[in-house]
Amino acid sequence: MTELHTKEWYEEYAKEHNYKLGKIFDKMYDAVNKCEGYCPCKYAIYQKNKVDELEDIRCPCIFIEEDMEKTGHCHCRMFDRG
């Protein structure tokens, strides 16, 4: 099992990327940990249909920059634009 990130790690990541933690960060943090560090919104689909791409959705996933640009937050709302 991969080591999970701490809340402090996410705070530092947000700060380094000029993001802020989303309003539902605590809820999503728990959900990410239940999904072994993967995006809880996409985990079941990737486990079933995209196993070889699973690392793409390890939080923060590879889609974060694109999501931030399009919507101002990541898909799961762990992070918002700062």
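Please read all numbers here as calculations on a predicted model, not as lab measurements. (Residues numbered from 1 in each chain as written. Predicted model: local features only at pLDDT ≥ 70, side-chain atom pairs only at ≥ 80, totals over all residues. Heavy atoms only, no water.)

Caption draft 1: Spotlight on the environment of R81. With respect to the element layout, R81 can be found in strand β2 (residues 79–81). At 3.5 Å, the side chain of R81 forms a polar contact with the backbone oxygen of E69. (Helix = DSSP H or I, 4+ residues; strand = E, 2+ residues; numbered from the N terminus. Polar contact = N/O pair within 3.5 Å; in protein donor to acceptor, adjacent residues only side chain to side chain.)

Caption draft 2: Quick look at the side chain of D67. Following the sequence through the fold, D67 ends up in helix α4 (residues 64–71). Although buried, D67 forms no salt bridge, and the nearest oppositely charged side chain, K42, lies 4.9 Å from it. Contact partners of D67, with chain neighbours within four places excluded, come to G72, H73, C74 and H75. (Buried < 20%, exposed > 50% of the residue type's maximum accessible area, 1.4 Å probe, protein only. Lys, Arg positive; Asp, Glu negative; His and termini not counted. Salt bridge = Lys/Arg side-chain N within 4 Å of Asp/Glu carboxyl O. Contact = heavy atoms within 4.5 Å.)

Caption draft 3: Structural view of the pattern of salt bridges. Overall, the coordinates contain 3 salt bridges when judged by the stated rule. E55 is paired through a salt bridge with R58; the nearest N and O atoms lie 3.0 Å apart. The partly exposed category is assigned to E55, whose relative accessible area is 49%. Close ionic contact of K70 with E66 constitutes a salt bridge, the shortest N to O distance being 3.0 Å. Taken as a pair, K70 and E66 lie in helix α4 at a separation of 4 residues, close to a single helical turn. The class of K70 is exposed, set by a relative accessible area of 64%.

Caption draft 4: How the structure looks around helix α1 (residues 7–16). Those residues of α1 lying buried are Y10, Y13 and A14. Angularly, the buried residues of α1 cover 100° about the axis, an arc narrow enough to put them on a single face. For α1, the exposed residues set more than 90 degrees away from the buried face come down to E8, K15 and E16. Looking at the packing, one finds that the buried side of α1 touches β1 (19–21), α2 (25–34), α4 and β2. Two residues or fewer after α1 comes N18, characterised by a positive phi angle close to 60°. (Arc of directions from axis to C-beta.)

Caption draft 5: A look at the nonpolar core. Formed by 24 residues in total, the largest nonpolar core has its most connected members in Y10, Y19, I57, I64, M78 and F79. Of all the elements in the fold, those that place two or more residues in this core are α1, α2, α3 (43–49) and α4. If you tally residues by element for this core, the top one is α2, at 5 residues. Beyond its immediate chain neighbours, meaning those up to four positions away, F79 contacts Y10, Y13, A14, Y19, K20, L21, G22, P60, I64, M68, H73 and C74. (Core = buried A, V, L, I, M, F, W, Y, C linked by side-chain atoms within 4.5 Å.)

Caption draft 6: Spotlight on the packing of aromatic side chains. Per the counting criterion, the structure on display carries 10 aromatic pairs. Between W9 and Y13, the aromatic rings sit 5.4 Å apart at their centres with planes inclined by 15°, giving stacked as the arrangement. With W9 and Y13 both in helix α1 and 4 residues apart, this pair spans about one turn of that helix. For the ring pair Y13 and F79, a centre distance of 5.4 Å and an interplane angle of 55° mean the geometry is tilted. With Y13 in helix α1 and F79 in strand β2, the pair connects residues that are 66 residues apart, well separated along the chain. (Phe/Tyr/Trp six-rings, centres within 6.5 Å; stacked < 30°, edge-to-face > 60°.)

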